[in-house]
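Okay, here's what each chain looks like letter by letter:
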Amino acid sequence: MALEKEAKIWFNGKLVDWDEAKIHVLSHVLHYGSSIFEGIRCYKTEKGPAIFRLKAHLLRMLRSCKIYRIELPYSREEIKQAIIDTIKANNLEECYIRPLVFRGYDSLGVNPYPCPVEMVIATWKWGRYLGEDAIEKGVAVKVSSWNRMAPNTFPFLAKLGGNYINSQLMKMEAISDGYSEAIALDTFGYVSEGGGENIFLVLEGKIYTPPLYASILPGITRDSVITLAKDLGYEVKEELIPREMLYIADEVFFTGTAAEISPINSIDKIKIGGGGRGPITKELQEAFFRITSGKEDKYGWLTFVK
Ligand code: PPE
């Protein structure tokens, strides 16, 4: 899906025209993957656009910067306001929000320190990440031949641009093999996550998801689903999952800002459960969309733009 242009992009403190938000080809980020980003959704509600879990996304972004030794020239409050200003400038009822911090143009060579820290915030309309039918019917996926990053290689707790080279390898292999996404194992052989999603499974009424040390991004949708599931009375176990547990699960689903809660109907051509969306996945989706639609906000997860 080609990007549909919006009016403005926030670029180093100013709202500039979409087509004017450009950087030099010798910027550090382009050569060495030196960026930090976030993906946030803003939902349409009766009280106007509402940003889902903004505080948690900003915290993760600041932590990613800390891991990568980036000193952001903006405060958390300034970034929050910049995000709101960008949504307003583009007059959007709902959108995906992409804040991106990167090492810019000064000198080349691996050393990033001399390069300026720059930041952009873009918004665009992003529909169903894994296809229009994904939320109801689910998607067919495979276990990737690529592993997720080993500990002490690429910091997986940080949302670093460079980490997404691994996701791209997974995605390209999946598409070439006829799947919409792949699941990676960690380097010890345990289930890790999708290329752009965390993963959950349901077995005998209990919900399982890999722990943070299984090379996963600490997903905010993951955290939300754990909270919702516990509140609905389910036991949620964050523990190492062997690959074959995916095959025998009653339900498997992805979570992510872009993917929301997407059921998985087959893995490596093995049908999962009944081969459609399972009842617990549906119950969690309903609880999740009740909040994102603004019908109820009992955890204070919404930030209203107006
Ligand atoms: N793991 C990975 C590797 C990942 O990229 C994401 C989000 C998640 C888990 C889920 O995290 P969260 O969004 O906080 O629940 N992936 C983002 C980027 C997708 C893209 O293609 O770009 C997203 O969903 O916004």
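Residues numbered from 1 in each chain as written. Predicted model: local features only at pLDDT ≥ 70, side-chain atom pairs only at ≥ 80, totals over all residues. Heavy atoms only, no water.

Attention now moves to the packing of aromatic side chains. By the definition in use, this model includes 12 aromatic pairs. Between K171 and the ring centre of Y129, over which it is positioned, the NZ or CZ distance is 5.4 Å. (Phe/Tyr/Trp six-rings, centres within 6.5 Å; stacked < 30°, edge-to-face > 60°. Lys NZ or Arg CZ within 6 Å of the ring centre and 35° of its normal.)

A separate point is a positive patch on the surface. Taken together, the side chains of K55, R63, K66 and R76 make up a positively charged region of the molecular surface. The element that contributes the greatest number of residues to the positive patch is helix α2 (residues 54-67), accounting for three residues. With respect to the secondary-structure elements, R63 resides in helix α2. Among the residues examined, R63 registers a relative accessible area of 52% and is labelled exposed. (Patch = residues over 30% accessible without salt bridge, like charges linked within 9 Å, V, L, I, M, F, W, Y side chains within 5 Å. Areas by Shrake-Rupley, 256 points an atom, 1.4 Å probe, with all protein chains shown as cover. Salt bridge = Lys/Arg side-chain N within 4 Å of Asp/Glu carboxyl O. Lys, Arg positive; Asp, Glu negative; His and termini not counted. Charge placed at Lys NZ, Arg CZ, Asp CG, Glu CD. Helix = DSSP H or I, 4+ residues; strand = E, 2+ residues; numbered from the N terminus. Buried < 20%, exposed > 50% of the residue type's maximum accessible area, 1.4 Å probe, protein only.)

On to the site of the ligand. As a matter of local geometry, the ligand sits amid 23 residues, with Y96, Y129, Y164, T221 and T257 nearest to it. Between the ligand and the protein, one listed contact pairs an oxygen atom with a side-chain N or O atom of T257 at 2.5 Å. At 2.8 Å, a backbone N or O of A258 approaches an oxygen atom of the ligand. Taken by itself the ligand offers 550 Å² of open surface, and the protein chains cover 93% of this. When each cavity is represented as a set of grid points, the ligand is found to reside in the largest pocket. Among the residues forming the shell around the ligand, the class breakdown is seven nonpolar, 10 polar and six charged. When residues are assigned to domains, the shell around the ligand turns out to be shared by domain 1 (8-124) and domain 2 (134-292), each giving three or more. (Near = heavy atom within 4 Å. Polar contact = N/O pair within 3.5 Å; in protein donor to acceptor, adjacent residues only side chain to side chain. 1 Å grid on protein atoms, 1.4 Å probe; cavity = no way out; pocket = protein on both sides within 12 Å on 5 of 7 lines; lining within 4 Å. Sits in = over half its atoms within 2 Å of the grid points. Nonpolar A, V, L, I, M, F, W, Y, C, P; charged D, E, K, R; others polar. Domains from an automatic or database assignment.)

What follows deals with the packing of helix α6 (residues 220-231) against helix α8 (residues 279-292). Relative placement of two packed helices is described by the angle separating their axes and the distance separating the axes. Their axes nearest at 10 Å, the elements α6 and α8 cross at an angle of 110°. Taken together, the axes of α6 and α8 lie roughly perpendicular to each other. Where α6 crosses over α8, the two elements pack in a sense that is right-handed. Residue-level inspection shows T221, V225, L228 and A229 of α6 in contact with α8, the latter providing L284, A287, F288 and I291. (Axes fitted to C-alpha atoms, helices over the stretch in contact; angles between N-to-C directions. Parallel < 35°, antiparallel > 145°, perpendicular 65-115°, else oblique. Left-handed = near helix turned anticlockwise from the far one by under 90°. Contact = heavy atoms within 4.5 Å.)

A word on the environment of L58. Within the secondary structure, L58 is located in helix α2. Judged by relative accessible area, L58 falls into the buried class, the value being 5%. Spatially, the C-alpha atoms of L58 and P99 are 9.3 Å apart, while their sequence positions differ by 41 residues. Excluding residues that lie within four positions of it along the chain, L58 makes contacts with R76, I79, K80 and I83.

Put simply, α2 and helix α3 (residues 76-89) touch, their axes get as near as 11 Å, and they point 125° apart. Classed by the angle they form, the pair α2 and α3 counts as oblique. Note that α2 runs across α3; the crossing there is right-handed. Of the residues in α3, those touching α2 at L54, L58, L59, M61 and L62 are R76, I79, K80 and I83.

Below, the discussion takes up α8. Taking 1.5 Å per residue as the helical rise, α8 with its 14 residues ought to reach 20 Å, and the 20 Å between its terminal C-alpha atoms agrees with that figure. Of the positions making up α8, those classed as buried are I280, T281, L284, Q285, A287, F288, I291 and T292. Taken around the axis of α8, the buried residues stretch over an arc of 165°, which confines them to a single face. (Expected span 1.5 Å × (residues − 1). Arc of directions from axis to C-beta.)

Below, the discussion takes up a nonpolar patch on the surface. Judged by side-chain polarity, V25, L26, L30, Y32, Y105, L108 and V110 come together as a nonpolar surface patch covering roughly 690 Å² of accessible area. For V110, the position within the fold is in the loop between β6 (95-103) and β7 (117-124). On the basis of relative accessibility, which here comes to 62%, the residue V110 falls in the exposed class.

Moving on: the domain arrangement of the protein. As far as domains go, the protein holds domain 1 (8-124) and domain 2 (134-292). Summarising the inter-unit geometry, the C-alpha centres of domain 1 and domain 2 are found 26 Å apart. Each partner contributes to the interface: domain 1 provides 20 residues, whereas domain 2 provides 20 residues. Summing the contributions of domain 1 and of domain 2, the shared interface buries around 1700 Å²; its carbon and sulfur component is 62%. Between domain 1 and domain 2 we count two salt bridges in total. Where E260 meets R41, a salt bridge forms, and the shortest distance between an N and an O atom there is 3.8 Å. Scanning the region where domain 1 abuts domain 2 turns up 11 residue pairs in polar contact (both at pLDDT 80 or more). Secondary structure elements with two or more residues in the side of domain 1 that touches domain 2: β3 (35-37), β4 (40-43) and α2. Element by element, the count of residues in the side of domain 1 that touches domain 2 is highest for α2, at five residues. Class assignment of the residues belonging to the side of domain 1 that touches domain 2 gives a composition of nine nonpolar, six polar and five charged. (Buried area = accessible area lost by both parts, 1.4 Å probe.)

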